[in-house]
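Below, each chain spelled out in residue letters.
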Amino acid sequence: MAVYTDVSDGELTRFVADYDLGAVLACKGIAEGVENSNYLIQTERASFILTLYEKRVKEADLPFFLGLMEHLAARGFSCPTPIKARDGGVLRRLCGRPAVLISFLEGLWPRTVEPFHCAGVGDALARFHLAGADFPMRRANDLSLPGWHRLVDATRARADEVAPGLARELATELAALEAAWPRDLPTGVCHADLFPDNVFFRDEAVSGVIDFYFACTEALAYDLAICLNAWCFDDEARFNPVKATALVQAYQARRPLSEAERRALPILARGSALRFLLTRLYDWLNQQPGALVRPKDPREYLQKLRFHRTVRHAEDYGL
Ligand SMILES: Nc1ncnc2c1ncn2[C@@H]1O[C@H](COP(=O)(O)OP(=O)(O)OP(=O)(O)O)[C@@H](O)[C@H]1O
Ligand SMILES: N[C@@H](CCO)C(=O)O
């Protein structure tokens, strides 16, 4: 997360007074992340995360995200849950933005990813998919092909500032993905942003998952492809087959992939690399002055995308 919207002490006190949580003892902006504004709030009762939803999150989607957290937590999947105000509602407004308080999750996200983390996340992703199987709400993935088209258009004029020839490369890639994209894989509720900073560990085991604000109804194997990108490369964006094997084996121990899903992995990984390349590129070119946020480097995902283009079969990943 990040801090785009400043909340004054008075506004915070009035906001928290609507809950049965006692007085606010401390409040601190969280610099991590890039999407929403987040504060760590300590009240007389406990610690909470206050989230103010910013640019990419549509208010109409919030019941899906908040409902999903409640659904998963009710099935024993460890994740934050939205806190009810005295009137029973969870979604409120603060500083002109939709805002919620969610429970604080203990644990630390891994700054250095080891193969055991990849096994943990593979297992957690499969549990997420299984626990979400009977979630009744649906939400289309707005960062799939049509969304990528919009981002390619929005970044075309200045993409070459980030890497020479990038605008042309993105247009060619998008056309290739459009032609090859699999459209009949098993779908379900996906996290769609399961990066290391969204998975907390305690004593080498996953203690919980956060950040459900890209969750959507999507091909389940696409979620695994996102994790391959986010967890299975080193700091120089070189692919690590040991981590990939740990991730995919742990996933398959709970939810085996079909042959069609396995075959689709290279193209899904390409699409997911393009998705993060495009959102990072857009943010890089449209930085908000004064916001407490560190934009992420789009070039990391350009390298990953180029690697996936060399892959023909899941076996080429060492899987
Ligand atoms: N429920 C929670 N319990 C404990 N810490 C949390 C919780 N939610 C968020 N955080 C803290 O806030 C940070 C950012 O959260 P989050 O990843 O949800 O933000 P974001 O802006 O949506 O970021 P991004 O999409 O870039 O990952 C986390 O790394 C963690 O430090
Ligand atoms: N996890 C994303 C940020 C949120 O979409 C990234 O690393 O680009």
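Where an unreviewed UniProt entry is consulted, the chain appears under the name Homoserine kinase, with the organism given as Aliidongia dinghuensis. Taken verbatim from the UniProt record of the chain, the Catalytic activity (unreviewed entry) comment is "L-homoserine + ATP = O-phospho-L-homoserine + ADP + H(+)".

A word on the overall build of the chain
What the chain contains, in helices and strands, is 9 helices and 9 strands. The C-alpha atoms of the chain give 20 Å as radius of gyration, which agrees with the globular expectation for 319 residues (20 Å, within 12%). In terms of its C-alpha atoms, the chain occupies a principal-axis envelope of roughly 60 × 45 × 35 Å. Across the 319 residues in the chain, those meeting the buried criterion constitute 55%. Working note: accessible area of the chain is about 14,200 Å², and carbon and sulfur atoms make up 51% of it. Separation of charge centres in the chain, based on 38 positive and 42 negative side chains, amounts to 3 Å.

So, the site of ligand 2
Contacts to ligand 2 come from Val34, Glu35, Asp193, Phe195, Phe214, Arg275, Phe276, Arg280 and Lys296. Within the contact set of ligand 2, a nitrogen atom lies 2.7 Å away from a side-chain nitrogen or oxygen of Asp193. One nitrogen or oxygen atom from the side chain of Arg280 is found 2.7 Å from an oxygen atom belonging to ligand 2. Protein burial of ligand 2: of its 260 Å² of free accessible surface, 95% is covered by the chains.

Quick word on helix 8 (residues 259–285)
With 27 residues, helix 8 ought to run about 39 Å at 1.5 Å a step, and its terminal C-alpha atoms sit 40 Å apart, in line with that. Among the 27 residues in helix 8, 22 count as buried, and that is most of the element.

Regarding the nonpolar core
Within the largest apolar cluster, 88 residues are counted, with the highest numbers of intra-cluster contacts made by Leu68, Trp148, Leu170, Trp231, Leu247 and Leu274. Both domains that meet at this core, namely domain 1 (9–103) and domain 2 (115–317), each give it at least three residues. Apart from the residues lying within four places of it in its own chain, the contact partners of Leu68 are Phe128, Phe135, Val189, Phe212 and Ala215. Residues Phe48, Leu50, Ala85 and Leu94 belong to the second largest nonpolar core, which totals 17 residues.

Let's talk about the domain arrangement of the chain
Domain boundaries assigned for the chain yield domain 1 (9–103) and domain 2 (115–317). Centre-to-centre, using C-alpha coordinates, domain 1 lies 26 Å away from domain 2. On the domain 2 side, the residues contacting the 24 residues of domain 1 number 29 residues. Taking both partners together, domain 1 and domain 2 bury about 2,500 Å²; carbon and sulfur atoms supply 67% of that area. Together, Arg56, Phe64 and Phe77 form the three largest contributors to the area buried by domain 1 at its contact with domain 2, with a combined 27%.

Let's talk about the packing of aromatic side chains
All told, the structure shown has 18 aromatic pairs when counted by the stated rule. Seen in terms of ring centroids, Phe64 and Phe135 are 5.4 Å apart; in terms of plane orientation they differ by 70°. Their pairing is edge-to-face. Here Phe135 lies in the loop between helix 3 (115–131) and helix 4 (145–155) and Phe64 lies in helix 2 (residues 62–74), a separation of 71 residues in the sequence. Residue classification places Phe135 among the buried residues on the basis of a relative accessible area of 10%. Consider the rings of Trp181 and Tyr222, whose centres lie 5.9 Å apart with planes at 75°: the pair is edge-to-face. Here Trp181, found in the loop between helix 5 (166–180) and strand 6 (187–190), pairs with Tyr222, found in helix 6 (residues 220–231); they are 41 residues apart in sequence, far enough to count as distant. Using a relative accessible area of 10% as the deciding quantity, one classes Trp181 as buried. Three or more aromatic residues link up through ring pairs in this structure, and these residues are Tyr53, Phe64, Phe65, Phe135 and Tyr213.

Considerations on helix 1 (residues 9–16)
Restricting attention to buried positions, one finds in helix 1 the residues Leu12, Phe15 and Val16. Along helix 1, the residues classed as buried sweep out an arc of 90° about the axis, all on the same side. In helix 1, the exposed positions angled more than 90 degrees off the buried face are occupied by Thr13 and Arg14. At its buried positions, helix 1 is contacted by strand 1 (24–29), strand 2 (37–43), strand 3 (47–52), strand 4 (92–94) and strand 5 (97–103).

Each value, and the rule that gives it
Residues numbered from 1 in each chain as written. Chains lettered and ligands numbered in written order. Predicted model: local features only at pLDDT ≥ 70, side-chain atom pairs only at ≥ 80, totals over all residues. Heavy atoms only, no water. UniProt positions renumbered as here; feature names shortened; annotations may be inferred. Helix = DSSP H or I, 4+ residues; strand = E, 2+ residues; numbered from the N terminus. Rg over C-alpha atoms; globule rule 2.2 N^0.38 Å. Buried < 20%, exposed > 50% of the residue type's maximum accessible area, 1.4 Å probe, protein only. Areas by Shrake-Rupley, 256 points an atom, 1.4 Å probe, with all protein chains shown as cover. Lys, Arg positive; Asp, Glu negative; His and termini not counted. Charge placed at Lys NZ, Arg CZ, Asp CG, Glu CD. Near = heavy atom within 4 Å. Polar contact = N/O pair within 3.5 Å; in protein donor to acceptor, adjacent residues only side chain to side chain. Expected span 1.5 Å × (residues − 1). Core = buried A, V, L, I, M, F, W, Y, C linked by side-chain atoms within 4.5 Å. Domains from an automatic or database assignment. Contact = heavy atoms within 4.5 Å. Buried area = accessible area lost by both parts, 1.4 Å probe. Phe/Tyr/Trp six-rings, centres within 6.5 Å; stacked < 30°, edge-to-face > 60°. Arc of directions from axis to C-beta.

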